[in-house]
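Coordinate inspection notes
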Amino acid sequence: MIGILVDAIAAEIGRVLRRLTLRALLTLVAFALLLAAFVSALALLFVYLQATFGTMSTLAAIAGGNVLVAAILLAIAFSGTRRRAPPPQKAASTEADEVRATIAATERAVNEAADALREGSHERMVQAVTTAIVTGIVLGRRL
């Protein structure tokens, strides 16, 4: 039974890895083609502007344009990384009130569980054990 489950999980992981590998490869090829198109566009711009402005002015204009685009992209990339202020801490009296309420609820649950155990009914015993478990979980999460 466990062997069948392990084989099924291994087969699913294999399928997922093959899909991810194919996506990564296709993304890499697409990126390479976009880079080639960008370089070709820069070469075309250079040839077009060289006849009018000369070699040095054309290279300076293309480099300046690239720097401007890079600065804009960096500003966009890092503009949303500001950290938010942490939420204000609760007042000590509020936390103490919560602890007191939790202790009171726990005492009530323990008293109900003890009463149920004293009566001896099977249904009440299951209810008492369930109440004790739920109370323990709630108390563990709050403290």
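Above: the structure in question.
Structural notes, computed from the coordinates.

Parameters at a glance
Residues numbered from 1 in each chain as written. Predicted model: local features only at pLDDT ≥ 70, side-chain atom pairs only at ≥ 80, totals over all residues. Heavy atoms only, no water. Salt bridge = Lys/Arg side-chain N within 4 Å of Asp/Glu carboxyl O. Axes fitted to C-alpha atoms, helices over the stretch in contact; angles between N-to-C directions. Helix = DSSP H or I, 4+ residues; strand = E, 2+ residues; numbered from the N terminus. Parallel < 35°, antiparallel > 145°, perpendicular 65-115°, else oblique. Left-handed = near helix turned anticlockwise from the far one by under 90°. Contact = heavy atoms within 4.5 Å. Nonpolar A, V, L, I, M, F, W, Y, C, P; charged D, E, K, R; others polar.

**Here we look at the pattern of salt bridges**
For the structure on display, the rule yields 2 salt bridges. Close ionic contact of Glu12 with Arg19 constitutes a salt bridge, the shortest N to O distance being 4.0 Å. What you see here is one network of salt bridges that share partners, running through Glu12, Arg15 and Arg19.

**Brief notes about the packing of helix H1 (residues 2–53) against helix H2 (residues 55–79)**
One way to put it is that H1 packs onto H2 with a least axis distance of 8 Å and a crossing angle of 140°. Our classification of the angle between H1 and H2 gives oblique. For the pair H1 and H2, the sense of crossing is right-handed. Facing H1, whose interface residues are Phe38, Leu42, Leu45, Phe46, Leu49, Gln50 and Phe53, H2 presents Thr55, Ser57, Thr58, Leu59, Ile62 and Asn66. Class assignment for the residues of the contact of H1 with H2 results in 8 nonpolar, 5 polar and no charged.

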